[in-house]
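# Summary of the model geometry
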Amino acid sequence: MSIAVRAYVCKPDTPSRNTFKAKTDTPSEWALVFDTETTTDAAQKLRFGTFQVRKGEELIQSGVFYDPATLGKGEQKTLREYAEQHQLAVLIVKEFIEDVFYGVGYALRATIVGFNLPFDISRLAIDHSTARSSRWNKVMRGGFSFKLSENEEHPRVQIKHVSSRDSFIQFAATRGQRDTRGNRKKGRKQPVRRGYFIDAKTLAAALTSQSHSLASLAQALGVAAQKHDTEEHGRTLTPEYIAYAVQDTQSTWECFCALHRLYAAHGLKLTAAHKIHSEASLGKAYLRDMGIKPWRQMQPDFPPDLIGKIMSTYYGGRSEIHIRKEGAQILYCDFLSMYPTVCTLMGLWGFVTAKGMAWQDTTAETRDFLEKVTVSDLQQQEIWGSLCTIVQVRPDGEIFPVRAKYGGDAQYTIGSNHLTSKTPLWFTLADCISAKLLTGRAPKILQALSFTPGAMQENLKTVHIAGDAAYRVDPSGGDFFKRIIDLRSSVKQQMKAAPETEKPSLERKQLSLKILANSTSYGIFVELNVEEEKQLQSLLCYGPSGKAMPIQMKKFEATGSFFHPLLATLITGAARLMLAITERLAIDAGIDWAFCDTDSMALAKPESMSQEEFYKRARGVQEWFTPLNPYTQKAPLLKIEDYNYSLADKAVLEPLYCYAISSKRYALFNLNDEKQVILRKVSAHGLGHLIAPYQSSDKSALEDAQPWQQDLWLEIINAARNNTQPDFNKLQNINMPAVSRYGATTPALAKWFEGYNSDKPYSDRVRPFNFLLAMQAKSGFKSLKPVAPYNKNPAKALAQGFDRSTGQSIKKHQLKTNLESLAQYHLHPETKFLNGDFLDKGKTQRRHIVVKSVQHIGKEANKWEEQFYTGLDPDAQIEYGICPERKGEMLQNVVQAITTFGAKNIADAAKLSEKYVFEVGKGRRNPSEKVIARLHSAVKALEAARGSEEGLRQRIRELMDERDISIRGLAAALELDASNLAKILSGERSAGDQLFRVDAYLRRLAAVSSLQ
């Protein structure tokens, strides 16, 4: 297979940008808070809105604004009467924009507050375009630029969606000259007034590490103005609905005030609240207040080729299943603060506070260390301090993290597999130790580089966490990560004995400490932000070879402010080592493991072992890690999770079982006296994109799982226990169309509606940040692109559904149902391992990957399975190219194979013209690396097919007979020529990859049919 490694990309001869800014940028004492109410059709046009203008805490003006084009005369009268009765100002939307949004929000440098601000701002817009950015300020590129006013002195508003929790919002630069002639002569420049936007949704997520609706946030913060419910959206305007909208604005204001107080309590002086976009923002704010400067600012001349080698060692958390589709009794354990813990054990805080880092060749020492190290040595804390090393190896069957497109997946995934590669690759020393523990032999080291931190930065400052002097952290006086976890443990101990009145305050403090520990111990060090230029950029790509590979790309990654790839890769490598030790100890103890996920592992009981003996041996594995605990409070480092204990008695272990399908797709459950399943935890992975087919009046007893998801898992588990197929028809509304929430959050996703919008005025178009419902067309209606206006009731939404290309209405029979979308959920393959196909069950087995080429890539996609239904993340998966060493070798193999197989067979397999392939064989063409990879894949498929085609043909014929499928029907399903397919199946023609494609389709069809 081809595998992929992360790469480092930069512009030639471009010094590292200094992204650190110590200067604060604060708003005035004015504030504007507003909210909008819209129509319930696809356009979601503004009907009316409510607003407040405040100076400090004082309410200066409260009012309503409306669009006379969408609010009828009778409704306008209702609005005015309500406003007069409640002493509210009444403005048309244009007046609100000119006099309030710009007159207060822009001119008075007010804080502009809302809840889900991108939606509300886009409701005010009269036009939009793709956001432009200056040469020096590219943060908004790839976002939207909204025109709110015809007045050219009023700037546009730029918004770039970052995540479901966060968007960057700012005023664009105004046209014309901002600086007076006198200031220009003196070289003084007036900075662009970017504004101060705070989305309460974003700030709440950063400070609480939770996603909130306005209702749940108001409840969590305990504000006086709670959000009310209403069923009047889109109906004729009533005083009750206006009151509901006014209450929303008041609730938003009170939530903002409560959040602002929470943030102010942190005492952070260098980062204003409007700069806090995530937990990572909070962590970086603390680092700035400590006076810590980013590594790239302190060491801008660090060699880019070495950064490339370091980046190529970076892999994320290990997430795998080992026992598939079989219920197994487990002891579910997870590590105490995994990332802060390994940071502390390896002494990584010294790198954070250093002026830079040094490196040296330690090949001989590292070879000797790796040959001698044993699992018992790793119980000594001082050993972990010597793991700040990256190692070049030539893998020869050892187990390493391998990133590949397993099983024809669209995106790269990572599996711990046996790896063989002629091309040398770099890994962390921790990964090399893991390989030795799991295979029994040390990998062959070609080179090793060890890193040490330089001298500490000067003028570091003490901070008080959450503003409490009792939680003092001195960055120069010890290990920051250890201090934070120690403080959190202390607070949690205080909470147990504290009176109820004090517990909320202590809970906020321990949460602040948890967020700070997590946000400063990993993510910020591997922050890479996608930038996209209009023209191709000449770039240099550095990978494991260390050689600069010239490339041309429009889209590439730029480093974040605290980017430090060595720390990111050492942390994740050490976390994988912790899991490898756990796996090794479990095997040595005669027990097994069912699944693992980043910082947790489920130890599994062999069937023949008594429960008492299993707990004894599993506890032995769990307790092995206690000497590694670096904290003051010597609690178990590998904790037994609460799910293992009885619901009736938290001190008693109760047999816990798991049913795992694939990575992150599992359920934990108990069995009661009647052997009925009692769910304890279920995964929503692969389900989160679907709108709930039904709601339950009973509050869910499980965290992060909706009632319908629990019912789905119950059916899957019970069917497996009874050795039958799940009957999803038992679920409510299962035959209703499957519906996912869609948001036009990027220009690429907004283009979905170009056809629908083409002949409509701007106010009637589907615009950026509209939220709709997306559905999937059945196979017979592939050209259909179905969407519908958002409605909590999918059945009502369906009545308004239309094709987003044509605007024509859609019918229920044209859409995939929930049943069809979920039919394969319990069969989902674990493609990165053997025995992980649709119908496979039992223990998975590691693959042996032989590397044919090494692809350089950017960051992996996030939740790409779910994004498939609503449009893949446009920032996901940047591929930079194949490593130069393998490119020539692959081309040589292709040229030789053209002589062996003939240009026509290879052309057919690669879907290229025969003439082109012939000219490649004669050296008359210089194919691109993508074409080389395509040709090489075709050659490998033909080589494999040559030895196994007749067996495949026989299996295909049997499957066709079993399913009564004709050649013509099969050809139509696969979009192949029927006569050509007949020749393939008769053996008259060799088809390589096409034959495998037919076989894969029929096996998948058999798996699906077994459900029915």
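Nothing here was measured: the structure is a model prediction, and the numbers come from that model. (Residues numbered from 1 in each chain as written. Predicted model: local features only at pLDDT ≥ 70, side-chain atom pairs only at ≥ 80, totals over all residues. Heavy atoms only, no water.)

### Things to note about the overall build of the protein
Across its full length, the protein holds 32 helices and 41 strands. Relative to a compact globule of 1012 residues, whose C-alpha radius of gyration would be 31 Å, the protein shows 30 Å and is just as compact. Overall size of the protein, expressed as C-alpha extent along the three principal axes, is 85 × 75 × 70 Å. Here the protein holds 1012 residues, and 54% of them are scored as buried. The contacts of the protein with a sequence gap of at least 6 include a subset with a gap of at least 24, amounting to 70%. Of the roughly 44,300 Å² of accessible surface on the protein, a fraction of 48% belongs to carbon and sulfur atoms. Once the 133 positive and 112 negative side-chain charges of the protein are each reduced to a mean point, those two points are 6 Å apart. (Helix = DSSP H or I, 4+ residues; strand = E, 2+ residues; numbered from the N terminus. Rg over C-alpha atoms; globule rule 2.2 N^0.38 Å. Buried < 20%, exposed > 50% of the residue type's maximum accessible area, 1.4 Å probe, protein only. Contact = heavy atoms within 4.5 Å. Areas by Shrake-Rupley, 256 points an atom, 1.4 Å probe, with all protein chains shown as cover. Lys, Arg positive; Asp, Glu negative; His and termini not counted. Charge placed at Lys NZ, Arg CZ, Asp CG, Glu CD.)

### Describing the packing of helix 27 (residues 903-910) against helix 28 (residues 914-921)
Relative to each other, helix 27 and helix 28 sit at 120 degrees, their axes nearing to 8 Å. Relative to helix 28, the element helix 27 lies oblique. Like other packed secondary-structure pairs, helix 27 and helix 28 cross with a definite hand, here right-handed. On helix 28, the residues that touch Ala903, Lys904, Ile906 and Ala907 of helix 27 are Glu914, Val917 and Phe918. (Axes fitted to C-alpha atoms, helices over the stretch in contact; angles between N-to-C directions. Parallel < 35°, antiparallel > 145°, perpendicular 65-115°, else oblique. Left-handed = near helix turned anticlockwise from the far one by under 90°.)

### Section: the sheet that holds strand 3 (residues 30-38)
On the basis of which strands lie adjacent, the open sheet formed by six strands has the order 6-5-4-3-7-12 and mixed pairing. At either end of the open sheet lies a strand with only one pairing partner, and these are strand 6 (89-92) and strand 12 (196-199). Between one strand axis and the next, the sheet turns by 25 degrees as a mean value, whatever way the strands run. For strand 5 (residues 58-66) and strand 6, the ladder comprises four bridges, and the chain directions are parallel. For Gly63, the partnering residue across the bridge sits in strand 6 and is Ala89. Together, strand 3, strand 4 (46-55), strand 5, strand 6, strand 7 (111-114) and strand 12 form the strand contacts of helix 2 (residues 93-106), whose direction differs from that of strand 6 by roughly 110 degrees. Running over the sheet, helix 3 (residues 117-124) touches strand 3, strand 4, strand 5, strand 7 and strand 12 and is turned about 75 degrees from strand 3. (Pairing = 2+ DSSP bridges.)

### A few points about the packing of aromatic side chains
One pass over the full model with this rule turns up 40 aromatic pairs. Taking the centre distance of 3.9 Å and the plane angle of 10 degrees together, the rings of Phe65 and Phe96 count as stacked. Highlighted residues: Phe65 in strand 5 and Phe96 in helix 2, separated in sequence by 31 residues. Taken individually, Phe65 and Phe96 each receive the classification buried, so the pair is uniform in this respect. What links up through ring pairs into an aromatic cluster is the set Phe34, Phe51, Phe65, Phe96, Phe101, Tyr102, Tyr106, Phe171 and Phe197. One cation-aromatic arrangement involves Arg193 over Tyr106; the distance from NZ or CZ to the ring centre is 5.1 Å. (Phe/Tyr/Trp six-rings, centres within 6.5 Å; stacked < 30°, edge-to-face > 60°. Lys NZ or Arg CZ within 6 Å of the ring centre and 35° of its normal.)

### What about the side chain of Thr428?
With respect to the helices, strands and loops of the structure, Thr428 is situated in strand 20 (residues 425-428). Here Thr428 falls in the buried class, since its relative accessible area comes to 1%. Within polar-contact distance, the side chain of Thr428 engages the side chain of Asp431 at 3.0 Å. Not counting residues up to four positions away in its chain, the partners in contact with Thr428 are Thr313, Thr389, Ile390, Thr569 and Gly573. (Polar contact = N/O pair within 3.5 Å; in protein donor to acceptor, adjacent residues only side chain to side chain.)

### Regarding the packing of helix 11 (residues 338-346) against helix 18 (residues 565-588)
Between helix 11 and helix 18, the shortest axis-to-axis distance is 9 Å and the interhelical angle comes to 105 degrees. The angle between helix 11 and helix 18 falls in the class roughly perpendicular. Across the interface between the two elements, Met338, Tyr339, Val342, Cys343, Leu345 and Met346 of helix 11 pack against Leu570, Ile571, Thr572, Ala574, Ala575 and Met578 of helix 18. Residue classes in the contact of helix 11 with helix 18 are distributed as eleven nonpolar, one polar and no charged. (Nonpolar A, V, L, I, M, F, W, Y, C, P; charged D, E, K, R; others polar.)

### A look at empty space enclosed by the protein
To find the voids left in a structure, one rolls a probe of water-molecule size over its atoms. Evaluated as defined, the whole model comprises five cavities of 30 Å³ or more. Its boundaries defined by the atoms lining it, the largest cavity holds a volume of some 90 Å³. If you list the elements that add at least two residues to the lining of the largest cavity, you get strand 18 (396-404), helix 15 (429-439) and helix 18. Of the residues forming the lining of the largest cavity, the biggest block, four residues, is contributed by helix 15. Partitioned by chemical class, the residues of the lining of the largest cavity number six nonpolar, two polar and three charged. (1 Å grid on protein atoms, 1.4 Å probe; cavity = no way out; pocket = protein on both sides within 12 Å on 5 of 7 lines; lining within 4 Å. Points joined across faces, edges and corners; volume = space filled by probe spheres on them.)

### Examining the pattern of salt bridges
As enumerated under the stated definition, the model contains 27 salt bridges in all. Notably, a salt bridge pairs Lys284 with Glu527, separated by 2.9 Å at the nearest N-O pair. Here the residue Lys284 occupies a position in helix 8 (residues 279-289), and Glu527 occupies one in the loop between helix 17 (503-519) and strand 24 (528-542), the gap between them amounting to 243 residues. The class of Lys284 is buried, set by a relative accessible area of 10%. Asp486 is the salt-bridge partner of Lys482, the closest N and O atoms lying 2.8 Å from each other. (Salt bridge = Lys/Arg side-chain N within 4 Å of Asp/Glu carboxyl O.)

### Examining the nonpolar core
Ranked by internal contacts, the top residues of the largest apolar core, which has 150 residues, are Leu378, Trp384, Phe451, Ile465, Met578, Ile581 and Phe625. Here the element with the most residues in this core is helix 18; it accounts for 13 residues. Ignoring sequence-local partners within four residues, the contact set of Ile465 consists of Tyr286, Tyr471, Val473, Ile484, Leu513 and Leu516. Membership of the second largest hydrophobic core comes to 32 residues, among which are Leu46, Leu91, Val100 and Ile112. (Core = buried A, V, L, I, M, F, W, Y, C linked by side-chain atoms within 4.5 Å.)

### Describing the environment of Cys255
Relative to the elements of secondary structure, Cys255 occurs in helix 7 (residues 239-264). According to the relative accessible area criterion, Cys255 is buried, its value standing at 0%. Remark: the alpha-carbon pair of Cys255 and Ala200, spanning 55 residues in sequence, is separated by 7.1 Å. Here Cys255 is in contact with Leu214, Leu217, Ala218, Leu221 and Val223, once residues within four sequence places are set aside.

### Concerning the layout of surface pockets
Its boundaries defined by the atoms lining it, the second largest pocket holds a volume of some 460 Å³. Taken together, 21 residues line the second largest pocket, and the ones lying closest to its centre are Lys325, Tyr659, Ala720, Arg721 and Lys841. Tallying contributions element by element places helix 20 (residues 707-721) first for the lining of the second largest pocket, with five residues. When its residues are assigned to classes, the lining of the second largest pocket shows eleven nonpolar, six polar and four charged.

### Quick notes on the confidence of the model for the protein
Caution is warranted with low-pLDDT regions, since their predicted coordinates should not be read in detail. Residues with a pLDDT of 70 or more make up 91% of the protein, whose mean pLDDT is 89. Of the regions scoring below 50 in pLDDT, residues 16-22 engages in 13 contacts with residues more than four places distant in sequence or in other chains. Throughout residues 863-875 the model reports pLDDT below 50, and contacts reaching past four residues in sequence, or to other chains, amount to 35 contacts. (pLDDT = per-residue confidence, 0-100.)

### Section: the sheet that holds strand 10 (residues 157-163)
The strands that make up a sheet pair up through hydrogen bonds in the backbone, lying either parallel or antiparallel. Across the sheet, four strands lie side by side as 8-9-10-11; this open sheet has antiparallel pairing. Each edge of the open sheet is held by one strand with a lone partner, namely strand 8 (127-130) and strand 11 (166-171). Taken pair by pair, the neighbouring strands of this sheet meet at an average axis angle of 25 degrees, ignoring direction. Here strand 9 (residues 144-147) pairs with strand 10 via three bridges, running antiparallel. By the bridge assignment for strand 10, Phe144 is matched with Ile159. On the sheet, helix 3 packs against strand 9, strand 10 and strand 11 and is oriented at approximately 40 degrees with respect to strand 11.

### Comments concerning unusual backbone geometry
Residue Arg109 is not a glycine yet carries a positive backbone phi of 55 degrees. Structurally, the position occupied by Arg109 is in the loop between helix 2 and strand 7. The phi torsion at Thr598 lies on the positive side, around 65 degrees, for a residue other than glycine. Looking at the element boundaries, Thr598 is found in the loop between strand 26 (592-597) and strand 27 (600-604). What makes Thr598 partly exposed here is its relative accessible area of 23%.

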